[in-house]
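Now for the letters of each chain:
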Amino acid sequence: DAKTTQPPSMDCAEGRAANLPCNHSTISGNEYVYWYRQIHSQGPQYIIHGLKNNETNEMASLIITEDRKSSTLILPHATLRDTAVYYCPLQDMRFGAGTRLTVKP
Amino acid sequence: DAGVTQSPTHLIKTRGQQVTLRCSPKSGHDTVSWYQQALGQGPQFIFQYYEEEERQRGNFPDRFSGHQFPNYSSELNVNALLLGDSALYLCASSFWTVNTGELFFGEGSRLTVL
C-alpha cells in the first residue's frame with residue numbers, strides 16, 4: 001500500500017501557481033519523495049524528486065518540510081496542459097490515488 | 001532513443017482465458033516493473049524484475065506471473081482471467097543500480113475482460 005496521502009482533487013486558474021500537497025508522515029530517513037503526473041490514461045511521467053532540500057527543475061519546484069513528513073509540488077504558472085492526476089510515491093514506488101488537478105481558463 | 005514500448009495496446013479477452021502482455025524497456029535500462037491501474041485509481045504495483053528474477057512483488061495472486069529475458073524485455077502473464085482484471089497494465093523501466101532514479105513508463109496495455 002502507498003505510504004502517502006493526497007487530496008483527491010484541486011482546481012487552479014490558468015497562469016497562477018498550483019500547489020499540490022502530499023503527506024508522508026512515516027517516511028524513512030533516507031527515503032526520497034517522487035512526483036509523477038498522468039494525463040488522460042497515458043503512462044505516468046516523472047516530474048521531480050527530492051530527499052531533504054528543496055528542488056527545482058524546468059517543470060516544477062518541490063518543497064519538503066524540515067521534518068520531511070510532507071511536501072508540496074509547485075507548478076509556478078499553470079497552463080491548461082497541466083491538467084492531470086499528480087502522484088507522490090516514495091522510493092518504494094507504490095502509488096496512491098493521486099490528486100486530480102484541473103487548470104481552468 | 002526509444003522509450004518504453006508495450007504491446008498490444010488494447011485487447012479483449014473472456015473470463016477464464018489467459019493473456020500475455022509484453023514490454024521493452026528504455027534503452028540501457030535493466031529493470032522492469034509492472035503495474036495494474038483500474039479505472040479511476042492509481043497504479044498498483046504488481047512485481048519487479050531484474051536479472052531475469054522477480055525481485056519484489058505486490059499484493060497480487062499467483063495468477064499473475066512474469067518473466068524477464070536476457071535482453072531485459074519482459075512479459076506479464078495473467079491466467080484464469082476475472083472481470084476484475086480489466087485494467088490498464090503499465091510497464092516501467094529503470095536502472096537497478098540507481099535506486100534513486102525515476103521510472104520511465106510505457107503507454108500501457110488496456111485489457112478488457114468480458
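Keep in mind that what you see is a predicted model, and the values were worked out from it rather than measured.

The rules behind the values
Residues numbered from 1 in each chain as written. Chains lettered and ligands numbered in written order. Predicted model: local features only at pLDDT ≥ 70, side-chain atom pairs only at ≥ 80, totals over all residues. Heavy atoms only, no water. Helix = DSSP H or I, 4+ residues; strand = E, 2+ residues; numbered from the N terminus. Buried < 20%, exposed > 50% of the residue type's maximum accessible area, 1.4 Å probe, protein only. Contact = heavy atoms within 4.5 Å. Areas by Shrake-Rupley, 256 points an atom, 1.4 Å probe, with all protein chains shown as cover. Lys, Arg positive; Asp, Glu negative; His and termini not counted. Charge placed at Lys NZ, Arg CZ, Asp CG, Glu CD. Salt bridge = Lys/Arg side-chain N within 4 Å of Asp/Glu carboxyl O. Polar contact = N/O pair within 3.5 Å; in protein donor to acceptor, adjacent residues only side chain to side chain. Nonpolar A, V, L, I, M, F, W, Y, C, P; charged D, E, K, R; others polar. Pairing = 2+ DSSP bridges.

Chemist: What's the story with the overall build of chain A in this structure? I'm lost.
Modeler: Assigned secondary structure in chain A consists of zero helices and nine strands. Secondary structure elements in chain A, listed N-terminal to C-terminal, are β-β-β-β-β-β-β-β-β. Counting only C-alpha atoms, chain A reaches 40 × 25 × 20 Å along its principal axes. When burial is assessed residue by residue, chain A has 45% of its 105 residues classed as buried. Across chain A, contacts joining residues at least 24 apart in sequence account for 55% of those joining residues at least 6 apart. Accessible surface for chain A amounts to roughly 5400 Å². Of this, 48% is attributable to carbon and sulfur atoms. Charged side chains of chain A number 10 positive and 10 negative; the gap between the two group centres comes to 2 Å.

Chemist: Would you mind showing me how to read the interface of chain B and chain A here?
Modeler: Size of an interface, as often reported, equals the accessible area lost when the parts are brought together. Listed per partner, the contact involves 20 residues of chain B and 17 residues of chain A. Connecting chain B to chain A are zero salt bridges. The tally of links between chain B and chain A comes to four residue pairs in polar contact (both at pLDDT 80 or more). Sorting the residues of the side of chain B that touches chain A by element identifies β4 (31-37), β5 (44-50), β6 (53-57) and β9 (87-94) of chain B as the ones contributing at least two each. Counted by class, the side of chain B that touches chain A contains seven nonpolar, nine polar and four charged residues.

Chemist: What am I meant to see in the environment of Gln 18 of chain B here?
Modeler: All names here are of chain B. Here Gln 18 shows up in the loop between β2 (10-13) and β3 (19-24). Each C-alpha atom of the pair Gln 18 and Arg 63 lies 9.3 Å from the other, and the pair is 45 residues apart in sequence. Among all residues touching Gln 18, those that are not within four sequence positions of it are Lys 13, Asn 77, Val 78, Asn 79 and Leu 81. A polar side-chain atom of Gln 18 sits 2.9 Å from a polar atom in the side chain of Thr 20.

Chemist: For this particular structure, what's the right way to read the sheet that holds strand β5 (residues 55-56) of chain A?
Modeler: Pairing between the strands of a sheet comes from backbone hydrogen bonds, and it takes one of two forms, parallel or antiparallel. All names here are of chain A. Read across the open sheet, the four strands follow the order β2-β7-β6-β5; overall the sheet is antiparallel. For this open sheet the edge positions go to β2 (18-23) and β5, each flanked by a neighbour on one side alone. Bridge count between β5 and strand β6 (residues 61-64): two bridges; the pairing is antiparallel. Its bridge partner being in β6, Thr 56 is matched across the sheet by Ser 61.

Chemist: Any chance you could explain the pairing of strand β7 (residues 70-75) of chain A here in plain terms?
Modeler: On any regular strand, side chains alternate: one points to one face of the sheet, the next to the other face. Residues and elements named next belong to chain A. Residues Ser 71, Leu 73 and Leu 75 point to one face of β7 and are all buried, whereas Ser 70, Thr 72 and Ile 74, pointing to the other face, are not buried. When β6 meets β7, the two strands line up antiparallel, connected through four bridges. Of the residues in β7, the one forming a bridge with Ile 64 is Ser 71.

Chemist: Where do I start with the pairing of strand β9 (residues 99-104) of chain A in this structure?
Modeler: All names here are of chain A. Here β9 shows a clear split, with Thr 99, Leu 101 and Val 103 buried on one side and none of Arg 100, Thr 102 and Lys 104 buried on the other. Summarising the sheet, strand β1 (residues 9-13) and β9 pair through five bridges and their orientation is parallel. Looking across to β9, one finds that Cys 12 is bridged to Val 103. Pairing geometry for strand β8 (residues 84-87) and β9, over three bridges, is antiparallel. Directly across from Val 85, in β9, lies its bridge partner Arg 100.

Chemist: Can you walk me through the environment of Pro 70 of chain B in this structure?
Modeler: Position of Pro 70 of chain B relative to the elements: it lies in the loop between β7 (64-68) and β8 (74-78). Residue classification places Pro 70 of chain B among the exposed residues on the basis of a relative accessible area of 61%.

Chemist: In this structure, what is going on with the side chain of Thr 31 of chain B? I would like to understand it.
Modeler: Residues and elements named next belong to chain B. By secondary structure assignment, the location of Thr 31 is in strand β4. Within polar-contact distance, the side chain of Thr 31 engages the side chain of Asp 30 at 2.9 Å. Once residues within four sequence positions are removed from consideration, Thr 31 is found in contact with Gln 48, Tyr 49, Tyr 50, Gln 68, Ala 92, Ser 93, Ser 94, Phe 95 and Trp 96.

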